[in-house]
Amino acid sequence: MTPPTLRDRIERLPLVDHHVHSVLQRDPSDAEFELLLTESSLPAPAGTSHLDSQVGFALRRHCAPLLDLPRHAEPGRYLEQRGLLGHREVARRLLRASGVSASLIDTGTVGGETELATNAEFAELADHEVHEIVRLESTAEELLRSGIAAEHFPDAFRRALDAVRGSAAGFKSIIAYRFGFDFAPQRPSDAETVAAVDALGPGGRERIDDPTVLRFLLWCGVDTGLPVQLHVGYGDADLDLWRCNPALLMPWLRLLPDSASPIMLLHCYPYHREAGYLAQVFPRVYFDLGLGINYSGAASSAIIREGLELAPFGKLLYSSDAWGVPELHLLGARLWRRGLAIALQEFVDADEWSAQEAIRVARLVCEGNARRVYAR
Amino acid sequence: MTPPTLRDRIERLPLVDHHVHSVLQRDPSDAEFELLLTESSLPAPAGTSHLDSQVGFALRRHCAPLLDLPRHAEPGRYLEQRGLLGHREVARRLLRASGVSASLIDTGTVGGETELATNAEFAELADHEVHEIVRLESTAEELLRSGIAAEHFPDAFRRALDAVRGSAAGFKSIIAYRFGFDFAPQRPSDAETVAAVDALGPGGRERIDDPTVLRFLLWCGVDTGLPVQLHVGYGDADLDLWRCNPALLMPWLRLLPDSASPIMLLHCYPYHREAGYLAQVFPRVYFDLGLGINYSGAASSAIIREGLELAPFGKLLYSSDAWGVPELHLLGARLWRRGLAIALQEFVDADEWSAQEAIRVARLVCEGNARRVYAR
Amino acid sequence: MTPPTLRDRIERLPLVDHHVHSVLQRDPSDAEFELLLTESSLPAPAGTSHLDSQVGFALRRHCAPLLDLPRHAEPGRYLEQRGLLGHREVARRLLRASGVSASLIDTGTVGGETELATNAEFAELADHEVHEIVRLESTAEELLRSGIAAEHFPDAFRRALDAVRGSAAGFKSIIAYRFGFDFAPQRPSDAETVAAVDALGPGGRERIDDPTVLRFLLWCGVDTGLPVQLHVGYGDADLDLWRCNPALLMPWLRLLPDSASPIMLLHCYPYHREAGYLAQVFPRVYFDLGLGINYSGAASSAIIREGLELAPFGKLLYSSDAWGVPELHLLGARLWRRGLAIALQEFVDADEWSAQEAIRVARLVCEGNARRVYAR
């Protein structure tokens, strides 16, 4: 009754990865590689390995054959082969096998800039379009490091966003990491912002965590009308997970004017049901399931299915949130296609959806929604 | 090994819809219809539709054939046919196809009263029993709008509840919407209540959101001994979702005297696991999965399965929480039967449950529990 | 493609039950038995039964045949047979059928001590190794009941922990129950602790719920380097569920020194996804899914699958959290093996995992991780 080709057709759909980072331009050591495959910043305890995990198993299953190894190759064998091929060849193979047609790269991650491929280099490795997402906090920190006087900061920040409007595909806020979503929802005045900047110590200028300043950046972001991405939920151990629940954004979302930006909730796990709810009740809210999919590997299909509950189908996007190693770019794409196909096939097999609508929805969440919202 | 008839038998079980609303007595415009199929109060963004969603797909799958259309008919075709048949004929067909034997109608929704079918009209359209659930806040607001002096309010409110005790099947509180479940759990004294009412402005008398007054209403409700329903979790964008987590009710639930009412937690998504937990540990707590089922369509079976984890089988009820259009009444019933059958069949096929017990449990959660608790 | 024996092989794996309690040394009445099969402390409402639930159905399915009854025997028949066999025979049969090789028994539960089998008696009934987990609060309350002066309490408590270091397999904290995880994360000084103990009334010495004292106990526990178990999530109606979310521990977990104990998060439902996240990002964090599995019976496989999302496979342990009746010990083991086999077989059948790795992971989460972390 259902065409045998739904999985096949989804495998061939181009993807827009609307939230992703670049790859390291060098060969990581084995220990570094292991830490690039976890959100932990610390080695695994004795007798265990971060690679003995869903993401490690998915790596051995999906990436090993692309590096000329058998499926499920041992981690040691994988690392050896990776070293032999070299990071550029590995990146070229894995990025090109992902079937991504465009990547929106968040260039604002701290520390790694000098080691990461530039967007132009990434585009060459991956052989696809690349667009830039500008991080609000990084932009502000650059200004503050320049020694700007507090009183000039609000205008200078607005000018800095204006300056990249033409080139950036959107902006990103990490207020979830730096403070939490339990911030005062109102827009701070310029005077409040100036006072808060004035009170920042040198450390506070290097790494903004003052809630008034963070709120100012976010409000300036949504004034641009370009999509504004927000880190939500799952991330490294620096954040307070329960304060990254996107439901906490509701008071702020209710205040946004009609002209404000689309709000893109990133990854969201384990609050992806809350994100789907917000995407239903707030027209400007969109979301994705990145990060959580990579790290849950063979178990990710259930998470993708939960992402298909409440939100209209025009509101869900694809992202990998990959960083550093192209294995994560490949796995994000593979696992997303796989989980999506499993869920949609179930709906079709249960005689609840038509096969034709299933493939149309697949196109939306793989590429169409991102191209519409980012206008790229 | 398992009888082939479990799904069939569940399809034929009568349902008691213990939390539902009436239907509009006019033909909505296409734009209105779309907004009646979402908890959002705003049009979908350009290029998208609220009907391009699980509930929209379920509508086209389950309602279209009842309106003489093919399965999965296009939304435009569906709306056209709906207009041709007219709202009364559509309501008659869909309500009667739902297999509901009794509806407990919450008559307290704001604004729509004059446009909604009366309970008598609904009973005629649906051809089944109708009982009334009286909303505590609406009852109080009616009193306050009459200009009653604050000092007379506590007694007058108690008398108002007494006056409907004989006819009402139960009461409903929307303290989740108006304040949140993080209220002070203790019963406010009459003096505190009078002071709080005295401090209400004209707007506060129209729409009560003072927590002391809301708590007073709730405590008066549970004094009646009749079932008291509480909105929980998922709803429109006016509420703060995280404050509608029913776990926040625990301090209040622990204070309730033995004589207090059964507490009926409504819909609960995405906090239905928390609701199941409360239904296990508090004898007076019951819950349902309404609303979340309609809006998750083909994906709703997983939610229903999660509702069958911790709670004793005497504690789960059926509701649609349908409002305005009879499509929601039909879909609630269809999707509930479907998801219930999938879950129970899995338990039987896995050789964990007997088929005989599966059908007994189905009868409880479809009808028996509601008839026992509401004594109707 | 996959060996037909994965389920069979998991059925035969020895288990370490790293969090469990002893069994009653007498025959409970029928009413008592029913209350031992729920986290509620109150009888079920009229017309319902705590045994009409997933745990009750699992009992009739899995325990009845071990008591020479047919599968799905009626509860009345089960209770009668249980009485005829007597508690010792029932315990011997069910404990030995569980395939547990070692139990780590939490001996600190309040009230039941005199009625529960001693660890030596339990070892004889179960015919397997038994180790003791010492409850921090019980140890402190024993000291306080002895009338110790507040100023001597900190040193005396540390000495009390030292005294059991050689014999105890680990410690347990119930700060979740007594206060919640929203405690001030810093270690209280001895002076602060003395002041807090000094302020305790007689009731506060019997049952510690002062957050400063509870924090002191917890910090002393993690100073020992032995595994420290924390009650998380689901439990009886005395706790405030939302304050037992393990994500709230993040500020405290970030403060722990390198030398601190492994932290064992117990049961975790409905916050098991949060627990899996913590187990990924904090090397010292481990978790299990006990209690929630028993009480969700045939539906528990989904919970086990969710426990296999983010955490590395070296971080998940088995526990039953059984208390009082050996049915819970048996069901914990049966349902764990079953759900684990279902999940792992799905991963293998989907061609995502190798069968060889599946059985290796099964060995880790059934026994290997516990033996490594507890060094037993």
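Small disclaimer: the values here were computed from a predicted structure and weren't measured. (Residues numbered from 1 in each chain as written. Chains lettered and ligands numbered in written order. Predicted model: local features only at pLDDT ≥ 70, side-chain atom pairs only at ≥ 80, totals over all residues. Heavy atoms only, no water.)

K.L.:
Residues and numbers for the overall build of chain A, please.
P.N.:
Helix and strand counts for chain A stand at 18 helices and eight strands. For 376 residues, the compact-globule estimate of 2.2 N^0.38 gives 21 Å, and the C-alpha radius of gyration of chain A, at 21 Å, lies within 12% of that figure. C-alpha extents for chain A along the principal axes are approximately 60 × 50 × 40 Å. Per-residue burial for chain A yields a buried fraction of 66% across its 376 residues. For chain A, the proportion of contacts with a sequence separation of at least 24, taken over those separated by at least 6, is 78%. (Helix = DSSP H or I, 4+ residues; strand = E, 2+ residues; numbered from the N terminus. Rg over C-alpha atoms; globule rule 2.2 N^0.38 Å. Buried < 20%, exposed > 50% of the residue type's maximum accessible area, 1.4 Å probe, protein only. Contact = heavy atoms within 4.5 Å.)

K.L.:
An account of the side chain of Asp-288 of chain C is requested, with residue identities and associated values reported.
P.N.:
All names here are of chain C. Locating Asp-288 in the fold gives a position in strand β7 (residues 285-288). In this structure Asp-288 is buried but unpaired, with Lys-172 as the nearest side chain of opposite charge at 9.3 Å. A polar atom in the side chain of Asp-288 sits 3.3 Å from the side chain of Ser-319. With residues up to four places along the chain from it excluded, the contact list for Asp-288 reads His-18, His-19, Leu-265, Leu-266, His-267, Cys-268, Leu-316, Leu-317, Tyr-318 and Ser-319. (Lys, Arg positive; Asp, Glu negative; His and termini not counted. Salt bridge = Lys/Arg side-chain N within 4 Å of Asp/Glu carboxyl O. Polar contact = N/O pair within 3.5 Å; in protein donor to acceptor, adjacent residues only side chain to side chain.)

K.L.:
Please set out the environment of Leu-85 of chain A residue by residue, giving values where relevant.
P.N.:
Residues and elements named next belong to chain A. Its location among the elements puts Leu-85 in helix α4 (residues 75-85). What makes Leu-85 partly exposed here is its relative accessible area of 22%. Linking Leu-85 and Leu-331, residues 246 residues apart in sequence, is a C-alpha distance of 19 Å. If near-sequence neighbours (up to four positions away) are discounted, Leu-85 is found in contact with Leu-67, Val-90 and Arg-93.

K.L.:
Could you give me a rundown of the relation of the copies chain C and chain B, with the residues and numbers involved?
P.N.:
With an axial shift of 0.0 Å and an RMSD of 0.0 Å, the rotation relating chain C to chain B amounts to 120°. Such a turn and shift between the copies fits a three-fold axis. Considering only C-alpha atoms, the residue of chain C closest to the rotation axis is Ala-302 of chain C, which sits at 5.5 Å. An overlap of only 2% is found between the interface residues of chain C and their copies at the interface of chain B, pointing to separate contact surfaces. (Least-squares fit on C-alpha atoms with pLDDT ≥ 70 in both.)

K.L.:
Any details on the interface of chain C and chain B? Residues and values, ideally.
P.N.:
Across the contact, 44 residues belong to chain C and 34 residues belong to chain B. Carbon and sulfur atoms supply 55% of the area buried between chain C and chain B, which totals about 3,200 Å² over both sides. Taken together, the connections running from chain C to chain B amount to seven salt bridges. In this structure, the salt-bridge partner of Asp-351 of chain B is Arg-61 of chain C, at a minimum N-O distance of 3.6 Å. The interface formed by chain C and chain B holds 22 residue pairs in polar contact (both at pLDDT 80 or more) in total. Secondary structure elements with two or more residues in the side of chain C that touches chain B: α3 (54-63), α15 (292-296), α16 (300-306) and α17 (326-349) of chain C. (Buried area = accessible area lost by both parts, 1.4 Å probe.)

K.L.:
I'd like a description of the sheet that holds strand β2 (residues 100-106) of chain C, backed by residues and values.
P.N.:
Residues and elements named next belong to chain C. Pairing is parallel in the open sheet, where eight strands are placed in the order β1-β2-β3-β4-β5-β6-β7-β8. The open sheet has two edge strands with one neighbour each: β1 (15-20) and β8 (316-317). Relative to strand β4 (residues 168-173), strand β3 (residues 129-135) is paired through four bridges, and the arrangement is parallel. Directly across from Glu-132, in β4, lies its bridge partner Ala-168. Packed on one face of the sheet, helix α12 (residues 211-223) meets β4, β5 (228-232) and β6 (263-267) and runs near 140° to β5. (Pairing = 2+ DSSP bridges. Axes fitted to C-alpha atoms, helices over the stretch in contact; angles between N-to-C directions.)

K.L.:
Explain the interface of chain C and chain A to me, using residue names and the numbers behind them.
P.N.:
Accessible area lost when the parts come together is the quantity often used to give the size of an interface. With 34 residues of chain C in contact, the opposing surface of chain A contributes 44 residues. Roughly 3,200 Å² of surface becomes buried between chain C and chain A when both sides are summed, with 55% attributable to carbon and sulfur atoms. For the chain C face of the interface with chain A, the top three residues by lost area are Arg-273, Gln-280 and Glu-352 of chain C, together amounting to 20%. Where chain C meets chain A, there are seven salt bridges. Counting every contact that joins chain C to chain A gives 22 residue pairs in polar contact (both at pLDDT 80 or more). At the level of elements, α13 (250-255), α14 (272-281), α16, α17 and α18 (355-374) of chain C are the ones that each hand at least two residues to the side of chain C that touches chain A. Of the residues that constitute the side of chain C that touches chain A, the class distribution is 18 nonpolar, three polar and 13 charged. (Nonpolar A, V, L, I, M, F, W, Y, C, P; charged D, E, K, R; others polar.)

K.L.:
So what's going on with the packing of aromatic side chains? Residues and values would help.
P.N.:
Summed over all chains, the structure comprises 42 aromatic pairs over all chains. Relative to Tyr-295 of chain B, the ring of Tyr-234 of chain B has its centre 6.0 Å away and its plane inclined at 90°; by these criteria the two rings are edge-to-face. With Tyr-234 of chain B in the loop between β5 (228-232) and α13 (250-255) and Tyr-295 of chain B in helix α15 (residues 292-296), this residue pair connects regions lying 61 residues apart in the sequence. Ring geometry for Phe-347 of chain B and Trp-353 of chain B: centres 5.0 Å apart, planes at 40°, overall tilted. Exposure remark for Phe-347 of chain B: the relative accessible area of 0% places this residue in the buried category. With relative accessibility at 3%, the residue Trp-353 of chain B sits in the buried group. Taken together through their ring pairs, the aromatic side chains of Phe-57 of chain A together with Phe-313, Phe-347 and Trp-353 of chain C make up a single cluster. Just above the ring of Tyr-286 of chain B sits the side chain of Lys-315 of chain B; from NZ or CZ to the centre is 5.0 Å. (Phe/Tyr/Trp six-rings, centres within 6.5 Å; stacked < 30°, edge-to-face > 60°. Lys NZ or Arg CZ within 6 Å of the ring centre and 35° of its normal.)

K.L.:
Describe the UniProt feature "domain: Amidohydrolase-related" (unreviewed entry) in chain A, naming the residues involved and giving the relevant values.
P.N.:
According to UniProt, the positions carrying the feature "domain: Amidohydrolase-related" (unreviewed entry) are residues 194-375 of chain A. Span residues 194-375 of chain A is 52% helix and 9% strand, its end C-alpha atoms 34 Å apart. (UniProt positions renumbered as here; feature names shortened; annotations may be inferred.)

K.L.:
Could you give me a rundown of the pairing of β6 of chain C, with the residues and numbers involved?
P.N.:
Residue and element names in this part refer to chain C. Taken across its five residues, β6 has five buried, putting it largely inside the fold. By the bridge criterion, five bridges tie β5 to β6 in an arrangement that is parallel. Bridge pairing links Val-228 to Ile-263 in β6. A crossover connection joins β5 to the parallel β6 through α13; in handedness this β-α-β unit is right-handed. Where β6 meets β7, three bridges bridge the pair, whose relative direction is parallel. Residue Ile-263 lies in a different strand from β7, and its bridge partner there is Val-285. (Right-handed = clockwise from strand over helix to strand, strands pointing away.)

K.L.:
Before we move on, could you go through unusual backbone geometry and cite the residues and values that matter?
P.N.:
Residue and element names in this part refer to chain A. At the junction of Tyr-269 and Pro-270, the peptide bond is cis and its omega measures out at 0° in the coordinates. Of note, Cys-268 is a non-glycine position whose phi angle comes to about 80°, a positive value. Among the structural elements, Cys-268 can be located in the loop between β6 (263-267) and α14 (272-281). The residue Asp-321 is not glycine, and still its phi comes out positive at about 50°.

K.L.:
Before we move on, could you go through the sheet that holds β6 of chain A and cite the residues and values that matter?
P.N.:
Residues and elements named next belong to chain A. As summarised here, the arrangement of the eight strands in space is β1-β2-β3-β4-β5-β6-β7-β8, forming an open sheet in which the pairing is parallel. Edge positions in the sheet fall to β1 (15-20) and β8 (316-317), since each has one partner strand and no second. Its contacts with the sheet put α14 on β6 and β7 (285-288), and the angle it makes with β7 is roughly 150°.

K.L.:
Give me the lowdown on helix α8 (residues 153-165) of chain B, citing residues and values where you can.
P.N.:
All names here are of chain B. Relative to the 18 Å expected for 13 residues at 1.5 Å per residue, α8 spans 18 Å between its end C-alpha atoms, a close match to the ideal helical length. All of the buried residues along α8 are Phe-153, Pro-154, Ala-156, Phe-157, Ala-160 and Leu-161. In the core, the buried residues of α8 are packed alongside α7 (136-145), β4 (168-173), α10 (190-198) and α12 (211-223). (Expected span 1.5 Å × (residues − 1).)

K.L.:
Let's hear about the side chain of His-18 of chain B: which residues, and what values?
P.N.:
Residues and elements named next belong to chain B. Mapping His-18 onto the fold places it in strand β1 (residues 15-20). The class for His-18 is buried, based on a relative accessible area of 1%. At 2.7 Å, the side chain of His-18 and the side chain of Tyr-374 are in polar contact. Excluding anything up to four places from it in sequence, His-18 contacts Leu-104, Gln-229, Met-264, Leu-266, Asp-288, Leu-317, Tyr-318, Ser-319 and Tyr-374.

K.L.:
Account for the pairing of β5 of chain C, naming residues and giving values.
P.N.:
Residue and element names in this part refer to chain C. Of all five residues in β5, five are buried; the element is thus mostly enclosed. Where burial is concerned, the two faces of β5 agree: the one with Val-228, Leu-230 and Val-232 and the one with Gln-229 and His-231 are both buried. In the sheet, β4 pairs with β5 via three bridges, with the strands oriented parallel. Bridge assignment links Lys-172 to a residue of β5, and that residue is Gln-229.

K.L.:
Kindly report on the packing of α7 of chain B against α8 of chain B, identifying the contributing residues and their values.
P.N.:
All names here are of chain B. For the pair α7 and α8, the least separation of the axes is 10 Å and the interaxial angle reads 125°. In terms of orientation, α7 and α8 fall into the oblique class. Judged by the sense of rotation from one axis to the other, the crossing of α7 with α8 is right-handed. When α7 is examined against α8, the residues Leu-136, Thr-139, Ala-140, Leu-143 and Leu-144 are found in contact with a partner set consisting of Phe-153, Ala-156, Phe-157, Ala-160 and Leu-161. Looking at the contact of α7 with α8 residue by residue, the classes come out as nine nonpolar, one polar and no charged. (Parallel < 35°, antiparallel > 145°, perpendicular 65-115°, else oblique. Left-handed = near helix turned anticlockwise from the far one by under 90°.)

K.L.:
Any chance you could break down the packing of helix α5 (residues 87-97) of chain B against helix α6 (residues 119-126) of chain B for me, citing the residues and the numbers?
P.N.:
All names here are of chain B. Where α5 meets α6, the closest approach of the two axes is 8 Å, and the angle between their N-to-C directions is 70°. Here α5 lies roughly perpendicular to α6, going by the angle between them. Contacts from Arg-88, Ala-91, Arg-92, Leu-95 and Arg-96 in α5 reach Phe-122, Glu-124, Leu-125 and Ala-126 in α6. Split by residue class, the contact of α5 with α6 holds five nonpolar, no polar and four charged.

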